[in-house]
Amino acid sequence: QVQLVESGGGLVQPGGSLRLSCVASGFTFSSAIMSWYRQAPGKERELVALITSTGGSSTVADSVKGRFTISRDDAKNTMYLQMNSLKPEDTAVYYCKAWHFAGTYWGQGTQVTVSS
């Protein structure tokens, strides 16, 4: 029923850009707080960015501030992560997360590799 499907990952050179998308279904997307996490090999999963259910407030981690932007389009049940000025240390699997009153949901992730 509940599905979060990420897309847009891939291989990019340092300094390049990618735009990740997360398409949600099976729950009331507009009521959910949405966020992006990432996990690199051997490291803990970390919060990258979060956007409220109203879309009126967002935050990004200090490590990506000024480079990444989170947004959502409730009419399309979609959340985005625009990633600019990518660095090798951004390499990770990026996960979409939704939280609302009925529970917490995770996507399966999309691989982002930043390498020359």
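Here is what the cut-offs are and how they apply
- Residues numbered from 1 in each chain as written.
- Predicted model: local features only at pLDDT ≥ 70, side-chain atom pairs only at ≥ 80, totals over all residues.
- Heavy atoms only, no water.
- Helix = DSSP H or I, 4+ residues; strand = E, 2+ residues; numbered from the N terminus.
- Contact = heavy atoms within 4.5 Å.
- Phe/Tyr/Trp six-rings, centres within 6.5 Å; stacked < 30°, edge-to-face > 60°.
- Buried < 20%, exposed > 50% of the residue type's maximum accessible area, 1.4 Å probe, protein only.
- Lys NZ or Arg CZ within 6 Å of the ring centre and 35° of its normal.

### Digging into the environment of Phe 68
Stage number 1. You can see Phe 68 is positioned in strand β7 (residues 68–73).
Stage number 2. Phe 68 has contacts with Arg 38, Val 48, Val 60, Leu 81, Gln 82, Met 83, Asn 84, Leu 86, Asp 90 and Tyr 94, leaving out every residue within four places of it along the chain.

### Quick look at the packing of aromatic side chains
Stage number 1. All chains considered together, the criterion is met by three aromatic pairs.
Stage number 2. Ring geometry for Tyr 95 versus Trp 106: centroids 6.4 Å apart, planes at 85°, classification edge-to-face. Of the two residues, Tyr 95 sits in strand β9 (residues 92–100) while Trp 106 sits in strand β10 (residues 103–106), which places them eleven residues apart along the sequence.
Stage number 3. With a relative accessible area of 34%, Trp 106 lands in the partly exposed category.
Stage number 4. Connected via pairs of aromatic rings, a cluster forms that spans Tyr 37, Tyr 95 and Trp 106.
Stage number 5. Across from the ring centre of Tyr 80, 4.0 Å away, lies the NZ or CZ of Arg 19, which sits over that ring.
Stage number 6. For Arg 45, the ring lying beneath its charged end belongs to Trp 106, and the centroid distance is 4.7 Å.

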